[in-house]
Amino acid sequence: EVKPRKRTPGMLEINARPAEPLKPSAQMKMVKIEREDTESETRYLDADIMRSIVNVLSGADVTGMVRKQRVMAILGDEAALPVMVHRFVPSELVFETLLERPILAESRWLLGYVEGFLADRLLASMPSMENEQSIASSIRLTCDSVCSAKFDTFNQEQGKRKRSSLIIEFSALDVMANFSSYLAAHEKLDDLGYKVAIADVDIRMLPLLDYGNLRADFIKLVNPVGKGSTPLKPETKQMVQDHVHKIGLARIILDGCASEDDVNLGQELGITLFQGVGVEPRSAN
């Protein structure tokens, strides 16, 4: 702390002087500074961003971020028919809303954690599960959240509604990382009458899955895109097609359909159920 200076006669005289503006220097020039327009810097998902999202949304109601998208049945050239309405909180929407910039999620594990956290917040927000002219409704949760008291409250909120029209979706990453939790969650859902879906399965992985051990009612496939992805080889297409028919046409959904080309690929593989902006745009809840 700076000690106050003594009020000497000299200090009193200095303080009593009127303020005088400084004269401009002949060596200085006024320069107008204009702000340059810069594009939003793209960042990669990291631990700091993940921590920020968790801190902001830990006690928040995410109802305003809920989006819905219908799974459509497309048979040949016939008109698409709604089968299932899926509710979820898109991670990219959260990035844009909270961080106001695009975020690239190259780490699947970090993205999986964020998606799991958002699924838990969605469960806590108790979204409407109306079918909306569809046969069923689905919601993305985590294995651990199904085994929690929050899900018990969610189940009570459904009243006398048939649980067979409600589908609980898990990420394949969550299932692989927490298989014991998945088995416990599946047993609980099975006793209550819910259906189970496993999503984010690379289309090339379908022939390698032991569908009997997973005991899922639906499998959501995704077509690999981006770095390192190549068109499916004819032999891979044949194996996928064989497994689609073996598991059942009504159990396989091709997710992430962005264009008609994705639908054409799915139909070539024998798939009849599709989800994505190419067949049904996202809409607010």
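Our structure's up above, just so we're on the same page.
Residues numbered from 1 in each chain as written. Predicted model: local features only at pLDDT ≥ 70, side-chain atom pairs only at ≥ 80, totals over all residues. Heavy atoms only, no water.

Undergrad: Account for the state of the cysteines, naming residues and giving values.
TA: Here, the word disulfide means a covalent bond between the sulfur atoms of two cysteines. Counted by the stated rule, this structure contains zero disulfides. Free of any disulfide, Cys147 has its nearest cysteine sulfur in Cys143, 7.4 Å distant. (Disulfide = S-S within 2.5 Å.)

Undergrad: Give a detailed account of the layout of surface pockets, specifying residues and quantitative values.
TA: Estimates place the volume of the second largest pocket at around 330 Å³. Around the second largest pocket, the lining is made up of 17 residues, and of these Gly112, Tyr113, Gly116, Thr142 and Asp174 lie nearest the centre. If you list the elements that add at least two residues to the lining of the second largest pocket, you get α4 (108-124) and α7 (172-177). The greatest single-element share of the lining of the second largest pocket, amounting to eight residues, is contributed by α4. Class assignment for the residues of the lining of the second largest pocket results in seven nonpolar, five polar and five charged. (1 Å grid on protein atoms, 1.4 Å probe; cavity = no way out; pocket = protein on both sides within 12 Å on 5 of 7 lines; lining within 4 Å. Points joined across faces, edges and corners; volume = space filled by probe spheres on them. Helix = DSSP H or I, 4+ residues; strand = E, 2+ residues; numbered from the N terminus. Nonpolar A, V, L, I, M, F, W, Y, C, P; charged D, E, K, R; others polar.)

Undergrad: Lay out the packing of helix α6 (residues 149-157) against helix α8 (residues 179-192) in plain terms, naming residues and giving numbers.
TA: Relative to each other, α6 and α8 sit at 20 degrees, their axes nearing to 13 Å. Judged on the interaxial angle alone, α8 and α6 are roughly parallel. Where α6 crosses over α8, the two elements pack in a sense that is right-handed. In this structure, α6 uses Phe151, Asp152 and Asn155 to contact α8, whose residues at the interface are Lys188, Leu189 and Leu192. Grouping the amino acids of the contact of α6 with α8 by side-chain chemistry returns three nonpolar, one polar and two charged. (Axes fitted to C-alpha atoms, helices over the stretch in contact; angles between N-to-C directions. Parallel < 35°, antiparallel > 145°, perpendicular 65-115°, else oblique. Left-handed = near helix turned anticlockwise from the far one by under 90°. Contact = heavy atoms within 4.5 Å.)

Undergrad: Now, about the packing of aromatic side chains: what can you tell me, with residues and values included?
TA: Using the criterion set out here, one finds four aromatic pairs in the structure. Ring plane angle 90 degrees and centroid distance 5.9 Å describe the contact between Phe170 and Tyr182, whose orientation is recorded as edge-to-face. Within this pair, whereas Phe170 is found in strand β6 (residues 166-171), its partner Tyr182 is found in helix α8, the two being separated by twelve residues in sequence. Accessibility expressed as a relative area gives 0% for Phe170, which makes it buried. For Tyr182, a relative accessible area of 0% puts it in the buried group. An aromatic cluster of three or more residues is present, and its members are Phe151, Phe154 and Tyr194. (Phe/Tyr/Trp six-rings, centres within 6.5 Å; stacked < 30°, edge-to-face > 60°. Buried < 20%, exposed > 50% of the residue type's maximum accessible area, 1.4 Å probe, protein only.)

Undergrad: Go over the side chain of Ser138, please, and point to the residues and values.
TA: Take Ser138: it is sitting in strand β5 (residues 136-140). The class for Ser138 is buried, based on a relative accessible area of 1%. Polar contacts involving the side chain of Ser138 include one to the side chain of His86, which spans 2.6 Å. Discounting residues that sit within four places of it in the chain, Ser138 has contacts with Met84, Val85, His86, Arg87, Met129 and Ile167. (Polar contact = N/O pair within 3.5 Å; in protein donor to acceptor, adjacent residues only side chain to side chain.)

Undergrad: I'd like a description of the nonpolar core, backed by residues and values.
TA: One finds Phe151, Ile168, Phe170, Tyr182, Ile198, Ile219 and Leu221 to be the most contacted residues of the largest nonpolar core, which totals 61 residues. If you look at the next biggest cluster of nonpolar residues, it comprises ten residues, including Val71, Ile167, Phe218 and Ile253. (Core = buried A, V, L, I, M, F, W, Y, C linked by side-chain atoms within 4.5 Å.)

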